[in-house]
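Observations on the three-dimensional arrangement
Listed below are the residues making up each chain.
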Amino acid sequence: MKKFSGILFAACAFTFSSPMVMADGAAAFQTCVECHGANAEKVAMGKSQVIKGWPATQIVDALNGYKAGTYGGPLKALMKVQVDKLDDASVQAVADYISGL
Ligand code: HEC
């Protein structure tokens with residue numbers, strides 16, 4: 001019985017997490033950390049600019065540009081995959097978070 005309720009809890013947490021977590025900049029940024037670094041201080045995959053210190057508006061422009069296919073360098077397709085998962089509110093939230101790092 002104990003095991004069963006544990007599974008049930010995990011299932012609920014999973015169901016409820018998606019939209020709420022994605023609108024939370026800190027949580028959304030966790031998907032970026034492996035490439036950009038915990039403080040956005042890394043040159044992602046040896047190619048990106050360091051985005052730490054960028055104002056939120058510049059980050060939003062870049063992310064929306066990746067989404068629309070109007071921004072980026074040789075690895076822009078890779079970033080498009082990342083931002084396609086984010087809605088407008090999440091793009092804004094993650095940009096606000098990064099600009100505050
Ligand atoms: C798999 C690795 C990877 C992940 C995960 C990733 N990025 Fe990137 N990011 C890159 C690379 C590589 C570039 C440079 C792409 C190019 O050629 O334009 C980049 C570029 C960027 C840029 C523009 C910087 C520039 O060079 O113009 C921003 C802003 C950015 N990423 C934000 C994010 C955010 C926010 C997330 C998480 C939602 C994220 N990235 C997830 C690899 C990644």
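Parameters and conventions
- Residues numbered from 1 in each chain as written.
- Predicted model: local features only at pLDDT ≥ 70, side-chain atom pairs only at ≥ 80, totals over all residues.
- Helix = DSSP H or I, 4+ residues; strand = E, 2+ residues; numbered from the N terminus.
- Buried ≥ 20, exposed ≤ 12 C-beta atoms within 10 Å, placed from the backbone.
- Near = placed C-beta within 6 Å.
- Axes fitted to C-alpha atoms, helices over the stretch in contact; angles between N-to-C directions.
- Parallel < 35°, antiparallel > 145°, perpendicular 65-115°, else oblique.
- Left-handed = near helix turned anticlockwise from the far one by under 90°.
- Contact = placed C-beta atoms within 7 Å.
- Nonpolar A, V, L, I, M, F, W, Y, C, P; charged D, E, K, R; others polar.
- pLDDT = per-residue confidence, 0-100.

Helix and strand content of the chain: six helices and zero strands. Mapped in sequence order, the helices and strands of the chain form the string α-α-α-α-α-α. When the 101 residues of the chain are sorted by exposure, 17% land in the buried category.

We now examine the site of the ligand. The immediate surroundings of the ligand are formed by 24 residues, with Cys32, Cys35, Ser48, Gly72 and Gly73 found nearest. Those elements that provide at least two residues to the shell around the ligand are α3 (33-36), α4 (56-68) and α5 (76-83). Element by element, the count of residues in the shell around the ligand is highest for α5, at four residues.

Two numbers describe how α4 lies on helix α6 (residues 88-99): the axes approach to 8 Å, and their chain directions differ by 135 degrees. As far as their axial angle goes, α6 and α4 are oblique. Note that α4 runs across α6; the crossing there is right-handed. The residues of α6 that touch α4, namely those facing Ala56, Ile59, Val60, Leu63 and Asn64, are Val91, Gln92, Ala95, Asp96, Ile98 and Ser99. Within the contact of α4 with α6, the residues separate by chemical class into seven nonpolar, three polar and one charged.

Of the residues in the chain, 77% have a pLDDT of 70 or more, and the chain-wide mean is 86. Residue range residues 17-22 is modelled with pLDDT below 50. Its contacts to residues more than four positions away, or to other chains, number four contacts.

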